[in-house]
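# Report on the structure
As a plain string of letters, each chain reads:
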Amino acid sequence: MTPVTYLDHAATTPVRPEVAAAMAPYAAQWYGNASGAHRVARRARRALEDAREEVAALLGARPGEVVFTSGGTEAANLAVFGTLAARPAPPGAVVHSAVEHPAVLEPCAAAARGARAVFGVPGVERRVAPVDGAGRVDPGALGALLGGEVALVSVMAANNEVGTVQPLDEVAVVVRRLAPEAVLHTDAVQAAAHLDPAATAPCDLVSVSAHKLGGPKGAGALVVRDGVALAPLLYGGGQERERRSGTHDVAGAVGLAAALRACAENRPAETARLAALRDRLGDGLAALDGVTETVPRALTLPGHLHLLVEGVEREELLVLLDEEGLCASAGSSCASGALQESHVLAAMGLRPGGGADRAPLRLTLGHPTTAADVDRALAVVPAVLARLREATGAPGRRRRDVAAGVRAQSGMGGSGR
Ligand code: PLP
């Protein structure tokens, strides 16, 4: 059997053993509804509140500021719609960076279309802050968009495709000076595993997701700083102090806390370990013909390597890597797994990929990644590139054969994450 080398931790990470162990009692033994009154329910409630305290401490917040959600997408949607719906109409503009994840982009676009009129959000003005060639928001350019009434500014802590860390401190200074009425949200879904919580301290709202940290899928949180007005998206039993109704996922909250704890306990050593592995991988691959690093490493998360590879198509590249057991990504794909044009690369002034010019290749390392994984990638990627380039070098028919074979194999005219 082909050995599997998983270098797609920005897409998701496996649950850490200690996280699974912490969660297990709340699935089977203490399964109570945390809103109930009897002993099984009270036990669940205690675990939930302990998890809340721990999540708060690990994110630099107070327990009452933590709203548990079903993950990063819900947290970001709650940040956008919850902020807009809490303001008197018209609520003011939404401003976001050009490289946000769809979990932020799409609710902002929907708000601009007036799609959530049911929440009292009329069509709002949407302004998009440009980024530089490394994917960093220019605080000055952002400031130029902050005239008039601004309801929400959303700038992610670190980008999921290219790994660029944003200058949140500078962003916050500009927002507080030029739009003091605006709520500042950061999507810290990618950053939370790696960055100190102090990085998100200047923000009013912070979204996190457990499955990027070695926790379970379908669990996350939105930090809502005291005094920040937020209307709920979900109405019902009034859980989470009326901010997010629905029976609590106690095991998920416990898992989020345990995953954040694992990241925090080991952060400096793990950052150094991942950066060293990533650097070795980056040095080896960037030395290959036609391979360039998209963003200087000093500007990215420690486990993130994004490359542009000349002379190959991204579908072919990913499928052949997968055939060799190397799980990688192009960075941008939709729910079906089909590849999309990258709005992130486009915003950085790069060709968004898809043609036979330069294929984006994202390799992301995580808590289980070992030196052997890096060795394997250093062997597999050059071999696959040589195979593809050999086909490319041959005239028409042969190249089309490779492409057709690859597409047939992927089954969707594109390729997986
Ligand atoms: N924001 C970023 C930056 C992400 O990378 C992701 C997931 O890929 C999300 C939001 C969505 O989080 P979730 O998968 O928990 O809904």
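Above this text you will find the structure in question.
Let me sum up the structure you'll find in this document. (Residues numbered from 1 in each chain as written. Predicted model: local features only at pLDDT ≥ 70, side-chain atom pairs only at ≥ 80, totals over all residues. Heavy atoms only, no water.)

### Here we look at the pairing of strand 7 (residues 205-209)
The cut-off we apply is this: Under the scheme applied here, a residue whose accessible area is under 20% of the maximum for its type counts as buried, over 50% as exposed, and between as partly exposed, the area being computed with a 1.4 Å probe on protein chains only. Here a helix means four or more residues in a row that DSSP labels H or I, a strand means two or more in a row labelled E, and each is numbered from the N terminus. Pairing between strands requires that DSSP locate at least two bridges from one strand to the other.
When you tally the buried positions in strand 7, you get five out of five residues, the bulk of the element. Pairing geometry for strand 6 (residues 183-187) and strand 7, over three bridges, is parallel. Looking at strand 7, one finds that His185 is bridged to Leu205. One ladder, built from five bridges, connects strand 7 with strand 8 (residues 220-224); its direction is antiparallel. For Val206, the partnering residue across the bridge sits in strand 8 and is Val223.

### Observations concerning the sheet that holds strand 9 (residues 291-293)
Quick reminder of the rule: Axis angles are defined between N-to-C directions and span 0 to 180 degrees, where every axis is a line fitted to C-alpha atoms and, for a helix, only to the segment in contact. A contact between two residues is defined here by any heavy atoms of the two lying within 4.5 Å.
With antiparallel pairing, three strands are arranged side by side in an open sheet as 9-10-12. The open sheet has two free edges, formed respectively by strand 9 and strand 12 (358-364), since each of these has just one partner strand. The mean inter-strand angle of the sheet, taken between neighbouring strand axes irrespective of direction, is 30 degrees. Across seven bridges, the pairing between strand 10 (residues 304-310) and strand 12 is antiparallel. Residue pairing across strands places Glu310 opposite Arg358, the latter belonging to strand 12. The sheet contacts of helix 8 (residues 267-286) involve strand 9, strand 10 and strand 12, and relative to strand 10 the element is tilted by about 5 degrees. Of the strands in this sheet, strand 10 and strand 12 are in contact with helix 9 (residues 314-323), which crosses strand 12 at around 35 degrees.

### Re the site of the ligand
Quick reminder of the rule: We call a residue near a molecule or strand when any one of its heavy atoms sits within 4 Å of it. Polar contact criterion, stated in full: a pair of N or O atoms within 3.5 Å, where within protein one must be able to donate a hydrogen and the other to accept it, and residues adjacent in sequence count only if both atoms are side-chain atoms. The method behind every accessible area is Shrake-Rupley, applied with a 1.4 Å probe, and residues are considered shielded solely by the protein chains displayed. Only Asp, Glu, Lys and Arg are considered charged in this grouping, and only Ala, Val, Leu, Ile, Met, Phe, Trp, Tyr, Cys and Pro are considered nonpolar; every other residue, Gly among them, is considered polar.
Taken together, 13 residues are adjacent to the ligand, and Gly72, Thr73, Asp187, Ser209 and Lys212 come closest. His101 places a polar side-chain atom, nitrogen or oxygen, 3.4 Å from an oxygen atom of the ligand. At 2.6 Å from an oxygen atom of the ligand is found a side-chain nitrogen or oxygen belonging to Lys212. Expressed as a share of its isolated accessible area of 400 Å², the protein-covered part of the ligand is 85%. Residue composition of the shell around the ligand, by class: three nonpolar, eight polar and two charged.

### Some thoughts on a negative patch on the surface
Our working rule: Patch membership needs two things, relative accessible area over 30% and no salt bridge, and members are linked within 9 Å if like-charged or within 5 Å if nonpolar (Val, Leu, Ile, Met, Phe, Trp, Tyr). Each salt bridge in this description consists of a side-chain nitrogen of Lys or Arg and a carboxyl oxygen of Asp or Glu lying within 4 Å of one another. Counted charges follow a simple rule, with Lys and Arg positive, Asp and Glu negative, and His plus the chain ends left uncounted. Just so you know, the charge point we use is NZ for Lys, CZ for Arg, CG for Asp and CD for Glu.
A contiguous patch of negative charge on the surface is contributed by Asp132, Asp138, Asp169 and Glu170. In this structure, Asp169 sits in helix 6 (residues 168-178).

### Quick look at unusual backbone geometry
As a rule of thumb, non-glycine residues mostly have phi less than zero, and peptide bonds are mostly trans rather than cis. The omega torsion of the bond from Ala89 to Pro90 falls at -10 degrees, within 30 degrees of zero and hence cis. In this structure, Pro90 sits in the loop between helix 3 (72-86) and strand 3 (93-97). A positive phi is found at Glu240, a non-glycine position, where the angle reads about 55 degrees. Residue classification places Glu240 among the buried residues on the basis of a relative accessible area of 5%. Positive phi is not limited to glycine here, since Arg241 has a value of about 50 degrees.

### Some words on the environment of Leu178
You can see Leu178 is positioned in helix 6. Through-space distance from the C-alpha of Leu178 to that of Ala144 is 8.9 Å; in sequence the pair is 34 residues apart. Ignoring sequence-local partners within four residues, the contact set of Leu178 consists of Gly143 and Leu146.

### Description of the packing of helix 3 against helix 4 (residues 102-112)
Which entries qualify depends on this criterion: Comment on the angle field: the value is read as roughly parallel under 35 degrees, roughly antiparallel over 145, roughly perpendicular from 65 to 115, and oblique elsewhere. Throughout, a crossing is termed right-handed when the near helix is turned clockwise from the far one, and left-handed when it is turned anticlockwise from it by less than a right angle.
Running from N to C, helix 3 and helix 4 cross one another at 30 degrees; their axes reach a closest spacing of 8 Å. One way to sum up the angle between helix 3 and helix 4 is to call them roughly parallel. When you trace helix 3 past helix 4, the crossing you get is right-handed. Residues Thr73, Ala76, Asn77, Val80, Phe81 and Leu84 of helix 3 touch helix 4, and the partners they reach there are Ala103, Val104, Pro107, Cys108, Ala110 and Ala111. For the contact of helix 3 with helix 4, the class distribution of residues is 10 nonpolar, two polar and no charged.

### Things to note about the packing of helix 2 (residues 39-58) against helix 7 (residues 250-265)
The N-to-C vectors of helix 2 and helix 7 enclose an angle of 30 degrees; their axes lie 8 Å apart at closest approach. Here helix 2 and helix 7 pass one another in a crossing that is left-handed. Across the interface between the two elements, Ala44, Ala47, Leu48, Ala51, Glu54, Val55 and Leu58 from helix 2 touch Val250, Ala253, Val254, Leu256, Ala257, Leu260, Arg261 and Ala264 from helix 7. Across the contact of helix 2 with helix 7, the residue classes tally to 13 nonpolar, no polar and two charged.

### A look at the pattern of salt bridges
All told, the structure shown has 19 salt bridges when counted by the stated rule. The shortest N-O distance in the salt bridge between Arg87 and Glu149 comes to 2.9 Å. Placement of the pair is Arg87 in the loop between helix 3 and strand 3 and Glu149 in the loop between helix 5 (139-143) and strand 5 (150-154), with a sequence separation of 62 residues. Judged by its relative accessible area of 18%, Arg87 is buried.

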